[in-house]
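# Examination of the molecular architecture
Single-letter residue listing:
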Amino acid sequence: MVRRNEVSISLAPDRNPPEIRFIADAMLGRLARWLRFLGYDTCYQAGISDSQLLRIAREENRCILTRDTRLVKRKAVGRHLLISENDSYSQLLEVIHGLKLATCCLFSRCIKCNGCLTGITDKSEIKDSVPEFVYLNTDAFLRCHDCGRVYWEGSHPKHFQVQMRNIIRPTS
């Protein structure tokens, strides 16, 4: 359910994901995790070289997010956004406003590996993968298709909802 002036927090990974895809340079790991949390396909490798980053961006049609002014001066850089902010939350706002992002698909990507999340229909499948308290008190779980990490709604999404109010509209 989407409430007025609020980002809807629900475990619904099967909604239509945002179309834009990103690749973040080595200095933007936390920003990459924020974007994944919002459902944006965001490639990030901590030790990536400029040439690898440019190649992946070109081959996979990704928008480059970088803090490297020398990188954006290259002729082959293509679609990009030069990030000027220092903290990850301000960087996220810079991306949202700079690229006029209007929708998100919360809980559809793994924040660790960028894999797609799918709902778990039988929670007994993940009994040994989560703390006992969580297993007993939570009914909705998601699993990363690629790395197997298990997610559930806790206090972080509620805190994030407050921060993101009036900034971006989730898809419904």
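Nothing here was measured: the structure is a model prediction, and the numbers come from that model. (Residues numbered from 1 in each chain as written. Predicted model: local features only at pLDDT ≥ 70, side-chain atom pairs only at ≥ 80, totals over all residues. Heavy atoms only, no water.)

### Describing the sheet that holds strand 2 (residues 41-44)
Pairing in this open sheet of 4 strands is parallel, and the strands run 2-1-3-4 from one edge to the other. Every interior strand has two partners, whereas the edge strands, strand 2 and strand 4 (80-82), have only one. In this sheet, adjacent strand axes meet at a mean angle of 25° when their direction is disregarded. Where strand 1 (residues 21-24) and strand 2 come together, 4 bridges link them in parallel fashion. Looking at strand 2, one finds that Ile23 is bridged to Cys43. Strand contacts of helix 1 (residues 29-37): strand 1, strand 2 and strand 3 (63-66), with the helix running at about 155° to strand 2, the strand carrying the most contacts. Seen against the sheet, helix 2 (residues 50-59) touches strand 1, strand 2 and strand 3 and runs at an angle of roughly 175° to strand 1. (Pairing = 2+ DSSP bridges. Helix = DSSP H or I, 4+ residues; strand = E, 2+ residues; numbered from the N terminus. Axes fitted to C-alpha atoms, helices over the stretch in contact; angles between N-to-C directions. Contact = heavy atoms within 4.5 Å.)

### A closer look at the pairing of strand 3
Residue alternation in strand 3 divides its side chains into two sets, Cys63 and Leu65 and Ile64 and Thr66, and both sets are buried. Sheet topology note: the strand 1/strand 3 ladder contains 3 bridges and is parallel. Pairing of Ala24 across the sheet is with Leu65, part of strand 3. The pairing of strand 3 with strand 4 spans 3 bridges and is classified as parallel. If you follow Thr66 over to strand 4, its bridge partner there is Leu82. (Buried < 20%, exposed > 50% of the residue type's maximum accessible area, 1.4 Å probe, protein only.)

### Notes on the environment of Arg70
Among the secondary structure elements, Arg70 is positioned in helix 3 (residues 69-72). Judged by relative accessible area, Arg70 falls into the exposed class, the value being 66%. Separated by 20 residues in sequence, Arg70 and Asp50 place their C-alpha atoms 9.9 Å apart.

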